[in-house]
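Listed here are the chains, written in short residue letters.
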Amino acid sequence: MTKVLGIDIGARFVVAFCLEQLPVGMSYPDFYKRNAKIAISKIRMDNSKEGSSVNLRDAISLLTELQPDYIVMEPTGVWYSRLWSDMAAHLGIEVKWIGHSDLSHNRGAYGFKDKDDRTDAFCLAVSYFDPIFNARNAWLYWRTGAIAEVNNRLLEIKSLESTTKIFTQQLRQRLKHEFPEVADRTISNARTKSGFTPWVGWLADVHSYKRIENERKTSIATQLSISITDYTRNHALSIVGAQIQDTKLKADLSEHLLDPAFDKYRETLELFAFGYVMQATILTNIYPFEKFLLSGQPHIDRYEDDRGKHKKNKSLAGFQLSLGMGKRLIESGGSSALVYSGSSFARKMLYCWITTNVLPERMADSWLVTELDKRALSNSTAALTVAQLRVRWKETKGTNKDRHMAGVRSSMTLGYRITRLLYDRLLKEVSS
């Protein structure tokens, strides 16, 4: 009999529920209530003790004692869950990963109205045995091998960007007083030989920059005897350090993307002219591509309702959902609307990429724009071309909220088409 341990990881406690089969003859909530006391283990995320919990030092002993065949977890906080996946690897226990939205869906399907750590641990364990969930092949696959390294670099780059933004905002505020002439200048390590912004490096006393020195001499702050404080220079030094690290991480990321595991993906991603970070964002959400297929072929669902016969490409729908371009119907009263759903981070990244790499006039003759227009013109519903969407996007930039959202919708329309085109190209490459 297979023994499965569902582990829900919090900031202070980890709750584990051990399960050997699906409940028979009773509802999931009833089974949970009857077995919670004997099946649940509570572990503190430090070395102290509280009540009936065991501490982190005893966690490996607990896993050794329970001897589960599988552990099911969410990728909570990345580094919290990574400790437990490393413990599992040390003991030779396979880990299955489930996404947050899938667990939320399963929790409701199993009859639980409220969310808490204990029921989540139970639902995680149940998910392993759930035939419907397994038929969807919705397990996450990015936690091992080459894709895990890509994911780690991407998370580190994202974390650095967040940290740099905070220091940048504070630095600009200080410079409005101490050196106003440079306060609003670009801070970016893109296309710099040193790996950091030269004028910020001068501010941090780690780089010589004659032009900035001359500007400082004629600055109004100098005329008013306002000095640049150590606090400001330390902020600049923090930004320089973060930018150097960011440059190294992106170089490392580019190396990992050359792994043979991504050979079938690389040609297509480069054809779309995705940069390294965008490639990593896409891969961490869609790899392996086969998870969207059914026995190696697109999963086509045919059904009939009062409006007639229909068919839906569930493989395509799952692929677009993973990139934040899934569409969900919301009905209320007599009104209905389609909204985008799925990975919000992937959707934001795709939106930014479209506004800089698809919509600008300079991209009008690119392969991607040409291909998108070709599909739009062949569409029986007379879809708008990229040029037409570009006009709408330009008209709405920097205007009031309603018009701005119209511009966002133009970008998202392209995002939906691009992900569909990407799916078609990968289907040919990866499944061939």
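Report on the accompanying structure. (Residues numbered from 1 in each chain as written. Predicted model: local features only at pLDDT ≥ 70, side-chain atom pairs only at ≥ 80, totals over all residues. Heavy atoms only, no water.)

Some details on the packing of helix H13 (residues 276-286) against helix H15 (residues 344-357)
Packing of H13 against H15 brings their axes to within 10 Å, and their N-to-C directions diverge by 150 degrees. In terms of crossing hand, the pair formed by H13 and H15 is left-handed. For the pair H13 and H15, the contacting residues are Val277, Met278, Thr281 and Asn285 in the first and Phe345, Ala346, Met349, Leu350 and Trp353 in the second. (Axes fitted to C-alpha atoms, helices over the stretch in contact; angles between N-to-C directions. Helix = DSSP H or I, 4+ residues; strand = E, 2+ residues; numbered from the N terminus. Left-handed = near helix turned anticlockwise from the far one by under 90°. Contact = heavy atoms within 4.5 Å.)

Some details on the nonpolar core
One finds Phe289, Val358 and Ile418 to be the most contacted residues of the largest nonpolar core, which totals 49 residues. Top contributing element to this core by residue count: helix H18 (residues 401-430), with 10 residues. Sequence-distant contacts of valine 358, that is, excluding residues within four places in its chain, are made with Trp353, Met363, Leu368, Val369, Leu372, Val386, Arg390, Leu414 and Ile418. Ranked by size, the runner-up nonpolar core spans 25 residues in total, among them Phe17, Tyr110, Ala121 and Phe133. (Core = buried A, V, L, I, M, F, W, Y, C linked by side-chain atoms within 4.5 Å. Buried < 20%, exposed > 50% of the residue type's maximum accessible area, 1.4 Å probe, protein only.)

Considering unusual backbone geometry
With glycine set apart, most residues show a phi of negative sign, and most peptide bonds adopt trans. In the segment running from tyrosine 287 into proline 288, the intervening peptide bond is cis, with an omega of -10 degrees. Here proline 288 lies in the loop between H13 and strand E6 (300-305). Residue glutamine 67 is not a glycine yet carries a positive backbone phi of 50 degrees. For glutamine 67, the position within the fold is in the loop between helix H2 (59-66) and strand E4 (70-73). At aspartate 205, a position not held by glycine, the phi torsion is positive, near 65 degrees.

Regarding the pattern of salt bridges
Under the defined criterion, the tally for this structure stands at 15 salt bridges. The salt bridge partner of aspartate 246 is lysine 250, with a shortest N-O separation of 3.2 Å. Pair noted here: aspartate 246 and lysine 250 are both in helix H11 (residues 230-256), with a separation of 4 residues, about one helical turn. We classify lysine 250 as partly exposed; its relative accessible area is 29%. A salt bridge links lysine 374 to glutamate 371; the shortest N-O distance between them is 3.7 Å. Taken together, the positions of lysine 374 and glutamate 371, both in helix H16 (residues 367-378) and 3 residues apart, correspond to about one turn of that helix. (Salt bridge = Lys/Arg side-chain N within 4 Å of Asp/Glu carboxyl O.)

A word on the pairing of strand E2 (residues 13-19)
Judged by how many residues are buried, E2 sits mostly within the fold: 7 of 7 residues are covered. The two faces of E2 match: Phe13, Val15, Phe17 and Leu19 on one face and Val14, Ala16 and Cys18 on the other face are all buried. Bridging between strand E1 (residues 4-9) and E2 involves 6 bridges; their strand directions are antiparallel. The partner of glycine 6 across the bridge, within E2, is phenylalanine 17. Between the antiparallel neighbours E1 and E2 lie 3 residues. Two elements, E2 and strand E3 (residues 40-44), share 5 bridges in a ladder whose sense is antiparallel. Each residue of the ladder has a partner; that of valine 15, found in E3, is lysine 42. (Pairing = 2+ DSSP bridges.)

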